[in-house]
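This is what each chain is made of:
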Amino acid sequence: MSSEQADDLLCKTDILALPSYAENLPMVILEAFAHGVPVISTPVGAIPEVIAPERNGFLVPAGDVSALSRAIERLIEDPELRLRLGSTAREDQAQRYEINSYVEKLTVVWRKASFIRKSM
């Protein structure tokens, strides 16, 4: 699938469910966040560092089909919650993972390092 096709699909998506047993940090989660899509996933790998339950998505135990079903049902039945989680997901992605955010943070580090070096 091309990046354009993935982008088009995420634009039409309301919920992303990724019930994995083993992952590191799937890029699809960050891509979903960038599109304002709340994510339901499992607390494996680095996923819990990205998904904050009740903030930008849900974490369900790996292999727990009932918990996954309940989380999906909850987002389907509560459009306000789904939109709130999606909106927060978009904000989190912009603040933590977009390149402009990294550049700003890196610039601060460089300036501090430059100041310390000049002070020595």
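Structure's up top.
Residues numbered from 1 in each chain as written. Predicted model: local features only at pLDDT ≥ 70, side-chain atom pairs only at ≥ 80, totals over all residues. Heavy atoms only, no water.

**Here's the deal with the sheet that holds strand β1 (residues 16-18)**
- Reading across from one edge, β1-β2-β3 is the order of the three strands in this open sheet, with parallel pairing throughout. The open sheet has two edge strands with one neighbour each: β1 and β3 (57-59). Between one strand axis and the next, the sheet turns through 10° on average, direction left out of account.
- Bridge count for strand β2 (residues 39-41) against β3 is three bridges, and the pairing is parallel. The residue of β3 that forms the bridge with Ile40 is Phe58.
- On top of the sheet, helix α2 (residues 27-34) reaches β1 and β2; it is set at about 165° to β1, its chief contact.
- The sheet strands contacting helix α4 (residues 65-77) are β1, β2 and β3, and the helix crosses β2 at an angle near 170°. (Pairing = 2+ DSSP bridges. Helix = DSSP H or I, 4+ residues; strand = E, 2+ residues; numbered from the N terminus. Axes fitted to C-alpha atoms, helices over the stretch in contact; angles between N-to-C directions. Contact = heavy atoms within 4.5 Å.)

**Notes on the side chain of Thr88**
- Structurally, Thr88 is set in helix α5 (residues 79-96).
- Leave out the neighbours within four places in its chain, and Thr88 touches Arg55 and Asn56.

**Description of the packing of α4 against α5**
- Interaxial distance between α4 and α5 falls to 5 Å at its minimum, and their mutual angle equals 100°. Classed by the angle they form, the pair α4 and α5 counts as roughly perpendicular. Here α4 contributes Arg74, Leu75, Ile76 and Glu77 to the contact with α5, which in turn contributes Pro79, Leu81, Arg82 and Leu85.
- For the contact of α4 with α5, a count of residues per class yields five nonpolar, no polar and three charged. (Parallel < 35°, antiparallel > 145°, perpendicular 65-115°, else oblique. Nonpolar A, V, L, I, M, F, W, Y, C, P; charged D, E, K, R; others polar.)

**Side note on the pattern of salt bridges**
- One pass over the full model with this rule turns up three salt bridges.
- Here Asp8 ties to Lys12 by a salt bridge, and the two come within 3.1 Å at their closest N and O atoms.
- Residue classification places Asp8 among the partly exposed residues on the basis of a relative accessible area of 40%.
- Residues Asp92 and Arg55 are paired through a salt bridge, measuring 2.5 Å at the closest nitrogen-oxygen approach. (Salt bridge = Lys/Arg side-chain N within 4 Å of Asp/Glu carboxyl O. Buried < 20%, exposed > 50% of the residue type's maximum accessible area, 1.4 Å probe, protein only.)

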